[in-house]
Amino acid sequence: MYDLDELLAFDHVMRSGSLTRSARTLDLAKSTLSRRISQLERQLGQPLLRRQSNRLLPTEAGQLFHAYCRQILELAEQGRQALDELSEEVSGELHVVTHNALARSWLSRLLAAFMDTHPGIRLTLQTCTTPPLSADSQALTVWLGEVPGGELRQEVLGWLDRGLYGHPDYFVRCGEPQHPRELTRHAWIDLLGETEQGLTLTHPAQGEFRFQPPNSRFRVDQHMLHGDAIARGHGLGMIPAWLATLREHAHPGSLVRCLPEWSAAPLPVTLLYAFGPRPRRVSALLDFLHQSAPAEWQPAEPSHVHGASPTEPRQLSVANTATNRCGFSP
């Protein structure tokens with residue numbers, strides 16, 4: 001019979017490639033972690049890991065055994081969760097990290113409801129500019145936007161459609177574009193770096209349209225500030241439709257979607273959390289987030305070209321050569 005502590009030690013080192021980092025994550029002495037892996041190797045009669053430079057890599061036996069190790073740990077976790085269900089209490093410390101666009105618009109209210117349901121929970125909510133990706137992270141992260149590969153489990157909770165928005169006064173002054181090719185004549189408000197490499201819009205019948213947005217005179221790094229600038233009539237910008245709807249409910253008449261049949265690739269809302277056994281409070285929060293995802297979020301990744309043939313998409317492009325662009329309003 002395998003010792004679960006030894007399997008857990010091996011699993012962490014397989015994913016991190018480092019005794020030091022795994023020992024810190026498991027809150028163990030490095031010598032204790034090394035001893036557990038050595039004991040597992042003696043029991044199996046084969047080496048599972050080898051050192052290369054400053055990283056531990058699996059042997060062929062280690063690669064093979066890790067798949068079975070994961071199954072054993074997951075079965076053990078299922079058994080623990082089943083026993084936990086006998087106790088109704090969910091308590092303890094939770095650390096949640098989130099993208100700033102989701103904090104006030106959705107997550108803070110949701111976490112307050114979760115704490116009302118579970119009075120024994122003590123929770124820390126933190127916003128940041130980049131998601132934690134290291135296996136050392138003990139936080140549960142809720143992120144908006146693409147997430148690079150990392151050492152945490154990634155689970156897409158939903159997708160947010162994006163469209164072009166402006167203030168009604170801006171359209172009175174500068175006119176409302178009737179086709180994406182006209183966008184180069186308009187002032188552009190950029191969410192820092194989001195469209196510097198160009199933007200592809202899709203239409204259900206006309207396919208893709210690729211254009212380079214004009215240089216933004218005002219760039220910001222937060223969705224709230226981005227929406228503020230557009231709502232003040234400074235220009236057009238790309239906003240998740242769900243966030244734009246929330247702003248419109250709070251401040252009617254501040255945003256209007258133009259070119260409503262054209263949209264950019266949707267943004268994923270992703271949950272990131274550690275592999276391996278989870279405390280019941282983490283599992284309870286994950287379930288709560290799944291149940292509370294807004295109905296407007298698309299549950300699965302849609303095609304980036306809605307309605308276009310997957311083999312023969314219609315593509316158009318435009319260079320940033322237009323003149324007489326409507327300027328940045330004071």
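Definitions and cut-offs
- Residues numbered from 1 in each chain as written.
- Predicted model: local features only at pLDDT ≥ 70, side-chain atom pairs only at ≥ 80, totals over all residues.
- Heavy atoms only, no water.
- Helix = DSSP H or I, 4+ residues; strand = E, 2+ residues; numbered from the N terminus.
- Contact = heavy atoms within 4.5 Å.
- Areas by Shrake-Rupley, 256 points an atom, 1.4 Å probe, with all protein chains shown as cover.
- Phe/Tyr/Trp six-rings, centres within 6.5 Å; stacked < 30°, edge-to-face > 60°.
- Buried < 20%, exposed > 50% of the residue type's maximum accessible area, 1.4 Å probe, protein only.
- Lys, Arg positive; Asp, Glu negative; His and termini not counted.
- Salt bridge = Lys/Arg side-chain N within 4 Å of Asp/Glu carboxyl O.
- Polar contact = N/O pair within 3.5 Å; in protein donor to acceptor, adjacent residues only side chain to side chain.

**Q** Can you tell me about the overall build of the protein, naming the residues and giving the values?
**A** In terms of helices and strands, the protein carries nine helices and 14 strands. Considering only contacts within the protein whose residues lie at least 6 apart along the sequence, 76% involve residues at least 24 apart. On the protein, roughly 17000 Å² of surface is accessible, and the fraction owed to carbon and sulfur atoms is 50%.

**Q** Any details on the packing of aromatic side chains? Residues and values, ideally.
**A** What describes a pair of aromatic rings is the distance from one ring centre to the other and the angle between the planes of the rings. If you walk through the whole model with that rule in mind, you get nine aromatic pairs. Taken together, a centroid distance of 6.0 Å and an interplanar angle of 80 degrees make the contact between W188 and F211 edge-to-face. Remark: F211 occurs in strand β9 (residues 207–211) and W188 occurs in the loop between α6 (168–174) and β7 (189–191); sequence separation between them is 23 residues. For F211, a relative accessible area of 2% translates into the label buried.

**Q** Pulling in residues and values, what's your account of the side chain of D190?
**A** Mapped onto the fold, D190 is located in strand β7. Although D190 lies buried, it forms no salt bridge, and the closest oppositely charged side chain, R219, sits 5.0 Å away as judged by the N-O distance. Within the structure, D190 has its side chain in polar contact with the side chain of T195 (distance 2.9 Å). With residues near it in sequence (within four places) discarded, D190 still touches T195, E196, S216, F218, R219, V220 and H226.

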